[in-house]
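For reference, the chains in residue letters:
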Amino acid sequence: MRSDVEYSPVGEGLGMRDFWLYVWLRRAAVIAAHVTGLGLTLIISLLSRPGTSLFSWHPVCMSVAYCLCMTEGILLFSAEGSPFCFKSRKGKVRLHWFCQTLVLIGAATGLGFMVASKNVSELPHLVTWHSWLGICTLAATVLQAACGICVNFPKLLRLSSSLPRLKLYHATCGLVVYLLATVTVVSAMFSDWFQATVKGVAWWAFLLLPLFPALVVMNQITNAYLPRKKITS
């Protein structure tokens, strides 16, 4: 039998679609998530002073990859507050692929600078929780990209699962990857470099900033891809 999954649009099923205050608060939250992702990327890039050392490029590349590109690659599907709301679904998918490709390039480049910095300084690798979380995030990102390929070419790959089911899996795994990336970014706030650079109230503000886009992304995915009908095969 043909699989049938009906996806609810953002906000549906909460009983507040026509409540204007609720709608505008959602839009404000999405816009704030855009601003937070961009702002966090710019501030981290300024604090790291790229070019002063090999390590200085690591936070720049990783913040651009995960705080900016991955966030925008997900939020562009939002029906509320997305600058790409005028785009067709096909156009959004292409932009999503472009953003996620930049994530892979930025993450690989950031990893390369980190490895080179450790080798030059003759410091051991993988000795902190941040480094292990980073490796797990990178591995999950690659697997998620492979899952995206399966969603786009199910017939070519001769997959037995239906396209709606694959999209559901892709969205769910994407949420896990984004939350894992958020935890990795937060763990970077506890590194010696960051604690020596940012102190006091500003440090606590930075600690909380990555959590806001994560909440918005989580809400978007769970509301947009939560099946309202049981998946049958």
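Residues numbered from 1 in each chain as written. Predicted model: local features only at pLDDT ≥ 70, side-chain atom pairs only at ≥ 80, totals over all residues. Heavy atoms only, no water.

Engineer: What should I look at first to understand empty space enclosed by the protein in this one?
Structural biologist: Unoccupied space between atoms shows up once a probe the size of one water molecule is rolled over them. Summed over the entire model, instances satisfying the criterion amount to one cavity of 30 Å³ or more. Reported here for the largest cavity is a volume of approximately 90 Å³. Around the largest cavity, the lining residues are Thr36, Gly37, Leu40, Tyr66, Cys67, Thr71, Tyr178, Ala181, Thr182, Val185, Pro210 and Pro213. Mapped by element, the contributors of at least two residues to the lining of the largest cavity are α1 (20-48), α2 (57-75) and α5 (163-188). Among the elements that line the lining of the largest cavity, the one with the most residues is α5, at four residues. Classifying every residue of the lining of the largest cavity gives eight nonpolar, four polar and no charged. (1 Å grid on protein atoms, 1.4 Å probe; cavity = no way out; pocket = protein on both sides within 12 Å on 5 of 7 lines; lining within 4 Å. Points joined across faces, edges and corners; volume = space filled by probe spheres on them. Helix = DSSP H or I, 4+ residues; strand = E, 2+ residues; numbered from the N terminus. Nonpolar A, V, L, I, M, F, W, Y, C, P; charged D, E, K, R; others polar.)

Engineer: Would you mind showing me how to read the packing of α2 against helix α8 (residues 211-225) here?
Structural biologist: Between α2 and α8, whose axes approach to 10 Å, the crossing angle comes to 30 degrees. Classified by the angle their axes make, α2 and α8 are roughly parallel. The chirality of how α2 crosses α8 is left-handed. Contacts from Thr71, Ile74 and Leu75 of α2 reach α8 at Pro213, Val216, Val217, Gln220 and Ile221. (Axes fitted to C-alpha atoms, helices over the stretch in contact; angles between N-to-C directions. Parallel < 35°, antiparallel > 145°, perpendicular 65-115°, else oblique. Left-handed = near helix turned anticlockwise from the far one by under 90°. Contact = heavy atoms within 4.5 Å.)

Engineer: Is there a simple way to think about the side chain of Ser48 in this case?
Structural biologist: Relative to the helices and strands, Ser48 is located in helix α1. Note on Ser48: relative accessible area 6%, which makes it buried. Side-chain polar atoms of Ser48 contact the backbone oxygen of Ser45, separated by 3.0 Å. A distance of 3.4 Å separates a polar side-chain atom of Ser48 from the backbone oxygen of Ser56. Leave out the neighbours within four places in its chain, and Ser48 touches Ser56, Pro59, Val60 and Trp193. (Buried < 20%, exposed > 50% of the residue type's maximum accessible area, 1.4 Å probe, protein only. Polar contact = N/O pair within 3.5 Å; in protein donor to acceptor, adjacent residues only side chain to side chain.)

Engineer: For this particular structure, what's the right way to read the nonpolar core?
Structural biologist: Within soluble globular proteins, side chains that are nonpolar tend to cluster in buried spots. Counting 22 residues, the largest nonpolar core has Tyr66, Met70, Ile74, Val103, Tyr178, Val217 and Ile221 as its most contacted members. Listing elements by their share of this core, those giving two or more residues are α1, α2, α3 (89-121), α4 (129-152), α5 and α8. At seven residues, the largest contribution of residues to this core is made by α2. One finds Leu40, Ile44, Val186 and Leu207 within the second-largest nonpolar core, a separate group that totals 11 residues. (Core = buried A, V, L, I, M, F, W, Y, C linked by side-chain atoms within 4.5 Å.)

Engineer: Honestly, the packing of aromatic side chains in this entry has me stumped. Any pointers?
Structural biologist: Centre distance and the angle of the planes are the two values used to describe a pair of aromatic rings. Within the structure shown, the criterion is met by six aromatic pairs. Ring centres of Phe194 and Phe206 lie 5.5 Å apart, and the angle between their planes is 80 degrees; this geometry places the pair in the edge-to-face category. Highlighted residues: Phe194 in helix α6 (residues 192-197) and Phe206 in helix α7 (residues 201-208), separated in sequence by 12 residues. Across this residue pair, the class does not change: Phe194 and Phe206 are buried. Here the aromatic rings of Trp203 and Trp204 are separated by 5.0 Å at their centres, their planes lie at 85 degrees, and the arrangement is edge-to-face. The exposure class assigned to Trp203 is buried, which follows from its relative accessible area of 10%. (Phe/Tyr/Trp six-rings, centres within 6.5 Å; stacked < 30°, edge-to-face > 60°.)

Engineer: Whenever I open this one, α1 confuses me. Can you help?
Structural biologist: It helps to recall that an α-helix has 3.6 residues per turn; residues three or four apart then point in one direction. For α1, spanning 29 residues, the distance from its first C-alpha to its last is 42 Å, which sits close to the expected 42 Å at 1.5 Å a residue. Arg49 lies just past α1 and shows a positive phi near 50 degrees. (Expected span 1.5 Å × (residues − 1).)

Engineer: What am I meant to see in the layout of surface pockets here?
Structural biologist: In this model, the largest pocket occupies a volume close to 1000 Å³. Lining of the largest pocket is provided by 37 residues; of these, Phe55, His58, Met114, His130 and Ser131 occupy positions nearest its centre. Top element by residues in the lining of the largest pocket is α4. It accounts for seven residues. Broken down by class, the residue content of the lining of the largest pocket amounts to 22 nonpolar, 13 polar and two charged. Estimates place the volume of the second largest pocket at around 720 Å³. In terms of lining residues, the second largest pocket is bounded by 28 residues, among which Phe77, His96, Trp97, Gly148 and His170 are the most central. Broken down by secondary-structure element, the contributors of at least two residues to the lining of the second largest pocket are α2, α3, α4, α5 and α8. Element by element, the count of residues in the lining of the second largest pocket is highest for α3, at nine residues. Residue classes in the lining of the second largest pocket are distributed as 14 nonpolar, 10 polar and four charged.

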